[in-house]
Amino acid sequence: MRGNWYRNIPILQKFFYLILIFVLAPFVCLTVIWSAQSNRTVERNASAYSELLVRQLTERLDAYFENLESDASPLLTNALAIRFMTTDPTNRYDMFAASRAVQSTLFPTFTYSRAELQNISLISSNGGAVSSHGGFDAERRFQEVEEEMFERGNFRVIGPSPYYSRSTVTAVQRIFGIYSGTPIGYLLLDIDLNRIVDYIRNVKLGDTGFVWIADPDTRRILFHTNGERIGDQVEETLQGAFERVRRGQLTSERIGATLFTYELSRTTGWIVVSEVPSAELTKDLDRLRGLTLFVVVVLVAVVLLLAGGFSYSITNTMRRLQRQMRKAGAGDYSLLPEDHKHFQEINLLNRGYNNMVLEIRRYVEVVHLADIRTKDLEIRQRESRIKQLQAQINPHFLYNSLEFINSYAIVSGILPISRMASALAKLFRYSVKSIDDVVPLREELDHIQIYLQIQKDRNVDFQVDWEEAGPVDRATSLRFVLQPIVENALIHGYQRHKLSADYLRIRIRAEAGAAVVTVADKGGGMPEALLREYNQYFQEGRWSTLKDDSTHLGLANVHERLRLRFGEPFGLFIRHSSPEGTEIEIRVPCEEGASDV
């Protein structure tokens, strides 16, 4: 009798025990394990992401001030600056003339296109001072700078400046005599910190995460994505960690269990910090866990109700079920039954299962194909980016060299050289930035106008017909989209056919949701087969003979970058090409309702 105890348990209780032991208990255990493992994984990933983010922001901040120091170097040896620094302040006429020359010639050259500079000043050790925005207490400022620079090198960033807003910092460069080699004064650059770190405002660390910059010397916050925190005192626990380790991470329970990631800037001595509350990292996971538990409880309740109803129904058909079981005992298990005479629900369940398996198999194939397509697009995008980068030269070196040439040309009064050097400097400044940046179409048009001006300076017979007949202000593009098209026209349209490049027409017009830029030349054109091959690739994304010919990949790379970034129907199309010339259209997105230019 004791061995038959299981037989005496009602069917409803059997279902309940089975669900409890084989479904609910394992699921609870797996949920606990999955939750703990997921929390650890999320925290590790968040920690790695925060560390990478802070390192990139610190490197970008260092790069700015290193470039600023490099760009300011020509000023330190400029004849006008040396003349001012060595002029006796008691000789008022000579001092006025030297100050006037610095303010009218030297300062505008350096501050051009530097919106972040609020003021530039020269302070000599003999008491003279000149500023781009009026005078100030030279003796007091010199003493303050002298104290900050004592035994701290020749370049230092100090701040915030007491003479401007609390977001203003000052870059100080020591100036030495050309022949004596001894310090004769300082160059002061008052910089709006909000402008040079404006890119940090776009960094998102959830809903409650922040990025900020602190000065460990003053223990105050210089910049914070929450503007109300600027100027606040750094919490004592964080300050202690900043002083011990150059970079690292810590979790502060005193500040609401928050993960802090920080790194010391080698150029400024500032600390770049990201803070993310721990609750922010796992809030989606907690929500998912609660939802999962709720669904499981509901499902268990529903299963118990259905089990009770099924138990009641099966009691009346037990004998017929036994006969069916004897037939199954004969070994006929090859097929799932779909023609049961008494329980149609079983037939529907089996049929639904079969359909589900087929549907899952189809979904797996779709996902696999989508994954292959995505990887292929990523590879093509990476190849396109590499090809674009290979076509660039070292813009930083050339930009600095051209700025140096421009300075000498201005001082020497050779304005044509100054104009061309300044134009080339703008081109290389534009080339420093990423080719995949989305920029206003107006910025790309301004860039190509500078390029065409240089071409006209080189060739007096070169004419450009420029017409804007559509919206530009709200249209967007990628960097270096128009220059390859124009270069293609000059090289393949004229030079390859041994023709003189004497004409180019650029027209901008508006269409529904797009801006179309047309580049037309009067060169020798291209063969009809090549024209069809290009347009087939532009419209259908496939070609046959051009793929292995590197001389014809320039237009394809531009089209591929636009298509990968903006999708259809944006990209290139060759309207026509003949011995009388070629016309190419570049289509980029434009917001609806843009006003005409």
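Refer to the structure above for everything that follows.
Bear in mind that the values here come from a model prediction, so they are computed numbers and not experimental data.

1. Overview of the packing of helix α14 (residues 528–540) against helix α15 (residues 554–566)
Working note: a packed helix pair is described by the angle between its axes plus the distance between those axes.
Turning to step 1, where the next piece is worked out: The geometry of α14 relative to α15 is characterised by a closest axis approach of 10 Å and an angle of 15 degrees between their N-to-C directions. Here α15 runs roughly parallel to α14, going by the angle between their axes. Here the hand of the crossing between α14 and α15 comes out right-handed. Here Tyr534, Tyr537 and Phe538 of α14 lie close against α15, whose contacting residues are Leu555, Ala556, His559, Glu560 and Arg563.
Turning to step 2, where the next piece is worked out: Taken together, the residues of the contact of α14 with α15 sort by class into five nonpolar, one polar and two charged.

2. What about the sheet that holds strand β7 (residues 220–224)?
Turning to step 1, where the next piece is worked out: Read across the open sheet, the five strands follow the order β7-β6-β10-β9-β8; overall the sheet is antiparallel. With one partner strand each, in any of the chains shown, β7 and β8 (247–252) form the two edges of the open sheet. Neighbour to neighbour, the strand axes of the sheet diverge by 25 degrees on average, direction disregarded.
Turning to step 2, where the next piece is worked out: Two elements, strand β6 (residues 210–215) and β7, share four bridges in a ladder whose sense is antiparallel. Within β7, the residue paired with Asp215 across the bridge is Arg220.

3. Quick word on the pattern of salt bridges
Turning to step 1, where the next piece is worked out: Going through the model one piece at a time under the given rule, you end up with 16 salt bridges.
Turning to step 2, where the next piece is worked out: For Arg505, the salt bridge identified is with Glu583, shortest N-O distance 3.6 Å. With Arg505 in strand β14 (residues 503–511) and Glu583 in strand β17 (residues 581–589), the pair connects residues that are 78 residues apart, well separated along the chain.
Turning to step 3, where the next piece is worked out: What makes Arg505 partly exposed here is its relative accessible area of 23%.
Turning to step 4, where the next piece is worked out: According to the relative accessible area criterion, Glu583 is buried, its value standing at 15%.
Turning to step 5, where the next piece is worked out: With a shortest N-O distance of 2.4 Å, Glu511 and Arg587 are connected by a salt bridge. With Glu511 in strand β14 and Arg587 in strand β17, this residue pair connects regions lying 76 residues apart in the sequence.
Turning to step 6, where the next piece is worked out: Glu511 gets classed as partly exposed once you look at its relative accessible area, which sits at 32%.

4. Considering α15
Since the α-helix turns once every 3.6 residues, residues separated by three or four places project in the same direction.
Turning to step 1, where the next piece is worked out: The terminal C-alpha atoms of α15 lie 19 Å apart, and with 13 residues this matches the ideal 18 Å at 1.5 Å per residue to within 8%.
Turning to step 2, where the next piece is worked out: Among the residues of α15, Leu555, Ala556, Asn557, Val558, His559, Glu560, Arg561 and Leu562 are the ones counted as buried.

5. Some words on the packing of aromatic side chains
Turning to step 1, where the next piece is worked out: Counting across every chain of the model gives five aromatic pairs.
Turning to step 2, where the next piece is worked out: Judged by centre distance (5.2 Å) and plane angle (85 degrees), the rings of Tyr64 and Phe65 are edge-to-face.
Turning to step 3, where the next piece is worked out: Residue class for Tyr64 comes out buried when judged on its relative accessible area of 19%.
Turning to step 4, where the next piece is worked out: Given the relative accessible area of 0%, Phe65 is considered buried.
Turning to step 5, where the next piece is worked out: Seen in terms of ring centroids, Phe566 and Phe570 are 6.3 Å apart; in terms of plane orientation they differ by 75 degrees. Their pairing is edge-to-face.
Turning to step 6, where the next piece is worked out: A residue is classified by how much of its surface remains accessible, and Phe570, at 11% relative accessible area, is buried.

6. Digging into the packing of helix α2 (residues 79–86) against helix α3 (residues 92–111)
Turning to step 1, where the next piece is worked out: Where α2 contacts α3, the two axes come as close as 9 Å, and the packing angle between them is 150 degrees. Between α2 and α3, the angle falls in the class roughly antiparallel. Considering the relative orientation of α2 and α3, their crossing is left-handed. Along its contact with α2, which presents Leu80, Ala81, Arg83 and Phe84, the element α3 presents Met95, Ala97, Ala98, Ser99, Ala101, Val102, Thr105 and Leu106.
Turning to step 2, where the next piece is worked out: Looking at the contact of α2 with α3, its residues break down into nine nonpolar, two polar and one charged.

The rules we used
Residues numbered from 1 in each chain as written. Predicted model: local features only at pLDDT ≥ 70, side-chain atom pairs only at ≥ 80, totals over all residues. Heavy atoms only, no water. Axes fitted to C-alpha atoms, helices over the stretch in contact; angles between N-to-C directions. Helix = DSSP H or I, 4+ residues; strand = E, 2+ residues; numbered from the N terminus. Parallel < 35°, antiparallel > 145°, perpendicular 65-115°, else oblique. Left-handed = near helix turned anticlockwise from the far one by under 90°. Contact = heavy atoms within 4.5 Å. Nonpolar A, V, L, I, M, F, W, Y, C, P; charged D, E, K, R; others polar. Pairing = 2+ DSSP bridges. Salt bridge = Lys/Arg side-chain N within 4 Å of Asp/Glu carboxyl O. Buried < 20%, exposed > 50% of the residue type's maximum accessible area, 1.4 Å probe, protein only. Expected span 1.5 Å × (residues − 1). Phe/Tyr/Trp six-rings, centres within 6.5 Å; stacked < 30°, edge-to-face > 60°.

None of this, on its own, says anything about what the molecule does.
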